[in-house]
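Commentary on secondary and tertiary structure
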Amino acid sequence: MALFLAMTAGSSPTPWLLSIASALARFGPWLSAVVMLWAGLRQRDERGYLLALLCMAAIGSLAAHALASTLGYSRPFMLGLTPSHLAHGGSDGLPSTHATVMGLVAFGMLVRRPLRRYGLAAMALALATGWARIHVGVHFPLDVVAGLGLAAALLTGFLVVQWQLRVRLGASAAEPVVLPPAPSAIAPSHREKPLP
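Residues numbered from 1 in each chain as written. Predicted model: local features only at pLDDT ≥ 70, side-chain atom pairs only at ≥ 80, totals over all residues. Heavy atoms only, no water.

1. A closer look at unusual backbone geometry
Note the cis peptide between Leu94 and Pro95, where omega equals 0°. Position of Pro95 among the secondary structure elements: in the loop between α3 (47–71) and α4 (97–110). (Helix = DSSP H or I, 4+ residues; strand = E, 2+ residues; numbered from the N terminus.)

2. Comments concerning the packing of α4 against helix α5 (residues 116–135)
Where α4 meets α5, the closest approach of the two axes is 7 Å, and the angle between their N-to-C directions is 160°. In terms of axis orientation, α4 runs roughly antiparallel to α5. Both α4 and α5 take part in a crossing whose hand is left-handed. Between α4 and α5, the residues in contact are His98, Met102, Gly103, Val105, Ala106, Phe107, Met109 and Leu110 and Arg116, Tyr118, Gly119, Leu120, Ala122, Met123, Leu125, Ala126, Thr129 and Arg133, respectively. Taken together, the residues of the contact of α4 with α5 break down into twelve nonpolar, four polar and two charged. (Axes fitted to C-alpha atoms, helices over the stretch in contact; angles between N-to-C directions. Parallel < 35°, antiparallel > 145°, perpendicular 65-115°, else oblique. Left-handed = near helix turned anticlockwise from the far one by under 90°. Contact = heavy atoms within 4.5 Å. Nonpolar A, V, L, I, M, F, W, Y, C, P; charged D, E, K, R; others polar.)

3. A word on α5
Given 3.6 residues per turn, any residue in an α-helix points the same way as the ones three and four places further on. The end-to-end C-alpha separation of α5 is 28 Å, in line with the 28 Å expected for 20 residues at 1.5 Å each. Of the residues making up α5, those classed as buried are Tyr118, Gly119, Ala122, Met123, Leu125, Ala126, Thr129, Gly130, Ala132, Arg133, Ile134 and His135. (Expected span 1.5 Å × (residues − 1). Buried < 20%, exposed > 50% of the residue type's maximum accessible area, 1.4 Å probe, protein only.)

4. Examining the side chain of His135
For His135, the location among the structural elements is in helix α5. Judged by relative accessible area, His135 falls into the buried class, the value being 5%. For His135, the side chain forms a polar contact with the main-chain oxygen of Met7, separated by 2.7 Å. With near-sequence residues (within four places) excluded, His135 lies in contact with Met7, Thr8, Ala9, Leu17, Leu18, Ala21 and His85. (Polar contact = N/O pair within 3.5 Å; in protein donor to acceptor, adjacent residues only side chain to side chain.)

5. Re the side chain of Ser96
Relative to the helices and strands, Ser96 is located in the loop between α3 and α4. We classify Ser96 as buried; its relative accessible area is 2%. Among the polar contacts listed, one links the side chain of Ser96 to the backbone nitrogen of His98, at a separation of 3.4 Å. Filtering out sequence-adjacent residues up to four positions away, Ser96 remains in contact with His139, Asp143, Val144 and Gly147.

6. Some points on the nonpolar core
Leu50, Leu53, Met109 and Leu115 are the most contacted members of the largest nonpolar core, which totals 22 residues. If you list the elements that add at least two residues to this core, you get α2 (15–42), α3, α4, α5 and α6 (141–174). Discounting residues that sit within four places of it in the chain, Met109 has contacts with Val35, Met36, Ala39, Leu50, Leu53, Leu115, Arg116, Tyr118, Gly119 and Ala122. Counting nine residues, the second-largest nonpolar core is a separate cluster that includes Leu18, Ala21, Leu86 and Val138. (Core = buried A, V, L, I, M, F, W, Y, C linked by side-chain atoms within 4.5 Å.)

7. Re the environment of Arg112
Structurally, Arg112 is set in the loop between α4 and α5. The class for Arg112 is partly exposed, based on a relative accessible area of 23%. A C-alpha to C-alpha distance of 8.9 Å links Arg112 and Glu46, two positions 66 residues apart in sequence. Of note is the side chain of Arg112, whose polar atom sits 2.9 Å from the side chain of Glu46.

8. Quick look at the packing of aromatic side chains
Under the criterion given, the structure shown has two aromatic pairs. Relative to Phe158, the ring of Tyr49 lies with its centre 6.2 Å away and its plane at 45°, an arrangement referred to as tilted. With a gap of 109 residues between them, Tyr49 in helix α3 and Phe158 in helix α6 connect regions that are remote in the sequence. Classification of Tyr49 by relative accessible area gives buried; the value is 5%. (Phe/Tyr/Trp six-rings, centres within 6.5 Å; stacked < 30°, edge-to-face > 60°.)

Structure below.
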């Protein structure tokens, strides 16, 4: 709570800081999508992985929404701790869906060597957006940390499944192909009789 009160804009925000936070809170995920698109344009060999990562981000969004509605932790402005400086509905906030999705994209790119520099940019955006959503009063710091933790857990599961598929497909591809013996051109019944 002390960390939240130190980070939030509260009832007397600094106008220029609130403007930056509001812009990041709204457009941070879109900037993260631009980084991912740019990575796909620059790293052709990683496009399949990035597409799979995008699907994982969609699964992460659904998982975060489901978990938040199950846990039922209210957002700061819903508890009257701060005004909301961003138009927002009354859905529950733990874990943060923004942090989950943006964290998945960032972590997913950080674990791939050709995508690491894009992953660093995506992680900076994820952290900045997390701060911004705390500043405008729609999340607690724990919501953002929980979202990043969920992202890390989902990505770990995704990488384990990907590794298992690679091992199984690699093992089946490495097995020698045994062909049946080629049939004789002449049937056995014909071979037993002398040719005229």
